[in-house]
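# Residue-level structural notes
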Amino acid sequence: LMEDKKQMNRTITTIGGLTGSDLYTWLQNDLYNSLPIDLKPYIKSINKKTSAGNKSITINTNSMKVFLFSEVEIFGKKTYSVTGEGEQYSYFNIDINRTKNSLSNGNGITWLWWQRSPKYDSSGYFCNVSNSGVVDYNGASDLYGVCFGFCI
């Protein structure tokens with residue numbers, strides 16, 4: 001996980017889903033710009049399916065260079081999210097790969113981390129991965145870890 005924990009939003013809202021969130025803005029700007037200059041030319045924009053949030057069943061396709069993983073990309077099924085946010089990454093097929101440590105050097109305690117999936121029946125909660133590696137959800141204004149992906 002990133003060393004610093006982040007809020008999905010300053011307020012407890014899922015309006016706009018991931019792409020409408022404060023965390024998305026930080027990922028696409030601050031985080032992306034902080035990546036090594038020799039890595040950035042190799043990072044490709046990828047189309048990710050993302051929930052519109054705010055109890056909507058609408059799935060949008062958004063081009064992004066840096067992204068959070070959806071519930072189905074991590075767990076291979078949906079429990080708290082809407083249908084349609086991609087397919088499971090084989091890396092997350094192994095339970096231990098779902099738990100993440102809180103410090104960038106990997107020596108910290110396991111910590112919760114954000115998914116891009118809003119909770120399907122909520123206007124204020126996003127899904128996360130618990131410190132034991134299971135699906136959970138919490139308020140968008142809570143502070144949790146950030147595990148991001150990109151494609152080269």
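See above for the structure.
This structure is a prediction, so every number in the text was calculated from the model and none was measured.

## Brief notes about the overall build of the chain
Of regular secondary structure, the chain possesses two helices and eleven strands. Each helix (α) and strand (β) of the chain, taken in turn from the N terminus, gives the series β-α-β-β-β-α-β-β-β-β-β-β-β. Entry remark: accessible area of the chain is about 7600 Å², with carbon and sulfur atoms responsible for 50%. Within the chain, one finds 15 positive and 13 negative side-chain charges whose respective centroids are separated by 4 Å.

## Some thoughts on the side chain of T14
Within the secondary structure layout, T14 lies in the loop between β1 (6-7) and α1 (22-34). Judged by its relative accessible area of 0%, T14 falls in the buried class. Here the side chain of T14 touches N54 through a polar contact of 2.7 Å, landing on its backbone nitrogen. A polar side-chain atom of T14 sits 3.4 Å from the main-chain carbonyl oxygen of S122. Excluding residues within four positions of it along the chain, T14 makes contact with A52, G53, N54, P118, S122, S123, G124, Y125 and F126.

## A closer look at the pattern of salt bridges
Scanning the model with the defined rule gives five salt bridges in all. Within this structure, K48, E73 and R116 form a network of salt bridges that share partners.

## Description of a nonpolar patch on the surface
On the surface, Y42, F150 and I152 cluster together into a nonpolar patch covering about 350 Å² of accessible area. Here F150 lies in the segment after β11 (148-149).

## A few points about α1
With 13 residues, α1 should reach 18 Å at 1.5 Å per residue; the first-to-last C-alpha distance of 17 Å fits that figure. The sharpest bend along α1 reaches about 30° and sits at Q28. Within the sequence span of α1, burial applies to L23, Y24, W26, L27, Q28, L31 and Y32. The secondary structure elements touched by the buried residues of α1 are β1, β3 (59-64), β4 (67-68), β7 (113-118) and β11.

## Topic: the environment of S81
One can find S81 in the loop between α2 (71-75) and β5 (100-101). Counting along the chain gives eleven residues from S81 to S70, while the straight-line C-alpha distance between them is 8.5 Å. Ignoring sequence-local partners within four residues, the contact set of S81 consists of E71, S117, P118, Y120 and C127. A polar atom in the side chain of S81 sits 2.5 Å from the side chain of E71.

## Considerations on the sheet that holds strand β9 (residues 135-139)
Taken together, three strands build an open sheet; the order of strands is β7-β8-β9 and the sheet is antiparallel. In this open sheet, the two edge strands, each paired with only one partner strand, are β7 and β9. Put simply, the sheet's adjacent strands are angled 45° from each other on average, direction ignored. Here strand β8 (residues 125-129) runs beside β9; their pairing, made up of five bridges, is antiparallel. Looking at the pairing, F126 lines up with N138 of β9.

## Brief notes about the nonpolar core
Within the largest apolar cluster, 29 residues are counted, with the highest numbers of intra-cluster contacts made by M8, L23, L27, L68 and W113. Listing elements by their share of this core, those giving two or more residues are α1, β4, α2, β7 and β8. The element that contributes the greatest number of residues to this core is α1, accounting for six residues. Aside from chain neighbours lying at most four places away, what touches L27 is Y32, V66, L68, V146 and F148.

Reading the values: rules and limits
Residues numbered from 1 in each chain as written. Predicted model: local features only at pLDDT ≥ 70, side-chain atom pairs only at ≥ 80, totals over all residues. Heavy atoms only, no water. Helix = DSSP H or I, 4+ residues; strand = E, 2+ residues; numbered from the N terminus. Areas by Shrake-Rupley, 256 points an atom, 1.4 Å probe, with all protein chains shown as cover. Lys, Arg positive; Asp, Glu negative; His and termini not counted. Charge placed at Lys NZ, Arg CZ, Asp CG, Glu CD. Buried < 20%, exposed > 50% of the residue type's maximum accessible area, 1.4 Å probe, protein only. Polar contact = N/O pair within 3.5 Å; in protein donor to acceptor, adjacent residues only side chain to side chain. Contact = heavy atoms within 4.5 Å. Salt bridge = Lys/Arg side-chain N within 4 Å of Asp/Glu carboxyl O. Patch = residues over 30% accessible without salt bridge, like charges linked within 9 Å, V, L, I, M, F, W, Y side chains within 5 Å. Expected span 1.5 Å × (residues − 1). Bend = angle between axes of the 7 residues up to and from the residue. Pairing = 2+ DSSP bridges. Axes fitted to C-alpha atoms, helices over the stretch in contact; angles between N-to-C directions. Core = buried A, V, L, I, M, F, W, Y, C linked by side-chain atoms within 4.5 Å.

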